[in-house]
Amino acid sequence: MDQHLYQYVDEDRLRADIMQTAEFGSVPVEEGNCRTVLTGTEANKQAREYFVEKLEERELEVSVDAVGNITGRWVPDNVNPATRSVATGSHLDSVIDGGMFDGVLGVYAGLEAIRAMQDAELSPSLPLEVVAFTEEEGGRFSDGVLGSSVAIGDCSVADALTTTDNAGVTLGEALEEIGFKGEQRLDATEWNSWFELHVEQGTRLEEASASAGIVTHITGTVRCHIDILGEANHAGTTSMESRIDALTAASELALEIESVTNEIVKTHSETAVGTVGQFDVEPGSINVIPGSVHLGVDIRDVECESMERIVSSVRQCLDRLEDERDVETTFSRPYDIEPISMSKRCIEALHSAATRAEISTIELHSGAGHDTMHIAKATDTGLIFAPSEGGYSHSAAEWTDWGDCATSTRLLAGALYDLATE
């Protein structure tokens, strides 16, 4: 079966779908390929319509749920349609000025795996589904992974549809405008299992000369928002000893986060990372002592303990800054996602498929969040990485060799078929 299936994965067909999708929302650049596809835009409509067209070419049953999640369902002959499906997919939206593979590879690899089974005249004993989730990147309506959060029931349809963009447009209005506000709710708890193929967005596969990565964990993420309030004053007439400088205090905090995280990496968990990604200074004038600073902090790891240690250090540092620098501080923690483990069943299926197809793999963790981190709460999940050349992603430099795209799709196809014939 295996070699018979693998030889039907068509690299040219997969490439054509990804290249065509890259044209929707294309941004002219001197080098590379760049696209901006925000949820509910004309470019998003074009990407969705092309995907539906490709699903219908293979006579998959197409459905669109109330938040725009698109599903193509294949029920082989003699299979009970009520049987729980093995599902796969990813997303079609992008960040602003993003790359051509992020999300798109996973969507079309899933479709290509089903096409390969059909062309090989194989008949799984379970239905298969390929899904394109809405608003994974969070570029317009949310912090991200919105469609999959609805699919597991963490976010209600009503709450999702009433989220707004910066112009006050709701997700529901945007989906209505492009014709992709459907009915009902996609329910991931009804799936037998789920696989996602995604570009790595790092260099570990390249460094290991591996053709694909089998993900064991997705890191948890804590995001903290911090405000440090000092006293704005004249830069020339205020003595150094009488200043209450919010920026110098904030700088101490940023360096403390780096120092503590590095120490945790050395002594406790090598996968821990801490980032100050937002640093907004007011009033932002060259001749005014900064009166306030807002910091956005992103903390990630595969272990909760190390993330909590970093958060604890942040709060201790804020207390110290209040005492030593006479600033006022506020702290909030609005975004908190625990680390997620992939299921043993799906990991074993991927290893088995890799062995039979003679695909070189390594196990690794994912430092980025994907829709799979939500779906893992609802059913058994597996996550595959394809190599990213130079580790670039979310940019025009994002690139995955076409041969690697096809190889990782063969790995996906093998694992999907295994679980669909258990």
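Above this text you will find the structure in question.
Residues numbered from 1 in each chain as written. Predicted model: local features only at pLDDT ≥ 70, side-chain atom pairs only at ≥ 80, totals over all residues. Heavy atoms only, no water.

Peer 1: Which residues make up a negative patch on the surface, and what values do they have?
Peer 2: Together, E11, D12, E206, E207, E389 and D401 make up a negatively charged patch on the protein surface. Contributions of two or more residues to the negative patch are made by α2 (11–23) and α8 (204–208). With respect to the helices and strands, D12 occurs in helix α2. The class for D12 is exposed, based on a relative accessible area of 57%. (Patch = residues over 30% accessible without salt bridge, like charges linked within 9 Å, V, L, I, M, F, W, Y side chains within 5 Å. Areas by Shrake-Rupley, 256 points an atom, 1.4 Å probe, with all protein chains shown as cover. Salt bridge = Lys/Arg side-chain N within 4 Å of Asp/Glu carboxyl O. Lys, Arg positive; Asp, Glu negative; His and termini not counted. Charge placed at Lys NZ, Arg CZ, Asp CG, Glu CD. Helix = DSSP H or I, 4+ residues; strand = E, 2+ residues; numbered from the N terminus. Buried < 20%, exposed > 50% of the residue type's maximum accessible area, 1.4 Å probe, protein only.)

Peer 1: Give me the lowdown on the pattern of salt bridges, citing residues and values where you can.
Peer 2: Per the counting criterion, the structure on display carries 21 salt bridges. R320 is the partner of E252 in a salt bridge, and the nearest nitrogen-oxygen pair spans 3.0 Å. With E252 in helix α9 (residues 246–267) and R320 in helix α10 (residues 304–325), this residue pair connects regions lying 68 residues apart in the sequence. According to the relative accessible area criterion, E252 is partly exposed, its value standing at 25%. Judged by relative accessible area, R320 falls into the partly exposed class, the value being 29%. Note that K344 is salt-bridged to E348, the shortest N-O span being 4.0 Å. One end of the pair, K344, and the other, E348, are both in helix α11 (residues 344–357), four residues apart, so they sit about a helical turn from each other.

Peer 1: Describe in detail helix α13 (residues 402–420), supporting the description with residues and values.
Peer 2: Helix length check: α13 (19 residues) gives 27 Å between terminal C-alpha atoms against 27 Å at 1.5 Å per residue, within 8%. Here α13 lies mainly inside the structure; 16 of its 19 residues are buried. A side-chain oxygen of the first residue of α13 lies 2.8 Å from the backbone nitrogen of G403; this N-cap is D401. (Expected span 1.5 Å × (residues − 1). Polar contact = N/O pair within 3.5 Å; in protein donor to acceptor, adjacent residues only side chain to side chain.)

Peer 1: If you had to explain the layout of surface pockets to someone new, which residues and values would you point to?
Peer 2: Counted as a void, the largest pocket has a volume near 430 Å³. Contributing to the lining of the largest pocket are 27 residues, with E137, R300, A368, G369 and H394 lying nearest its centre. For the lining of the largest pocket, the elements supplying multiple residues, two or more each, are β7 (220–229) and β12 (328–337). Approximately 360 Å³ is the volume found for the second largest pocket. Forming the boundary of the second largest pocket are 20 residues, of which S63, T71, E129, L186 and E190 lie nearest the centre. Of the residues forming the lining of the second largest pocket, the biggest block, three residues, is contributed by strand β1 (residues 61–64). Taken together, the residues of the lining of the second largest pocket break down into five nonpolar, six polar and nine charged. (1 Å grid on protein atoms, 1.4 Å probe; cavity = no way out; pocket = protein on both sides within 12 Å on 5 of 7 lines; lining within 4 Å. Points joined across faces, edges and corners; volume = space filled by probe spheres on them. Nonpolar A, V, L, I, M, F, W, Y, C, P; charged D, E, K, R; others polar.)

Peer 1: Describe α10, naming the residues involved and giving the relevant values.
Peer 2: With 22 residues, α10 should cover 32 Å at 1.5 Å per step; its first-to-last C-alpha distance of 31 Å lies within 8% of that length. Looking only at α10, the buried set comprises S306, M307, I310, V311, S313, V314, C317, L318 and L321. Each buried residue of α10 sits inside an arc of 155 degrees when the element is viewed along its axis, so together they form one side. Turned more than 90 degrees away from the buried face of α10, the exposed residues are Q316 and D323. Residues of α10 that are buried sit in contact with β7, α9, β9 (273–282), β11 (292–301) and β12. After α10 finishes, the residue D326 shows a positive phi value of roughly 65 degrees. (Arc of directions from axis to C-beta. Contact = heavy atoms within 4.5 Å.)

Peer 1: Explain the nonpolar core to me, using residue names and the numbers behind them.
Peer 2: Counting 85 residues, the largest nonpolar core has F51, L105, Y108 and F195 as the members making the most contacts within it. Apart from residues no more than four positions distant in its own chain, F51 is found in contact with I70, L92, V107, Y108, V130 and A132. A249, L253, V293 and V327 belong to the second largest nonpolar core, which has 25 residues in total. (Core = buried A, V, L, I, M, F, W, Y, C linked by side-chain atoms within 4.5 Å.)

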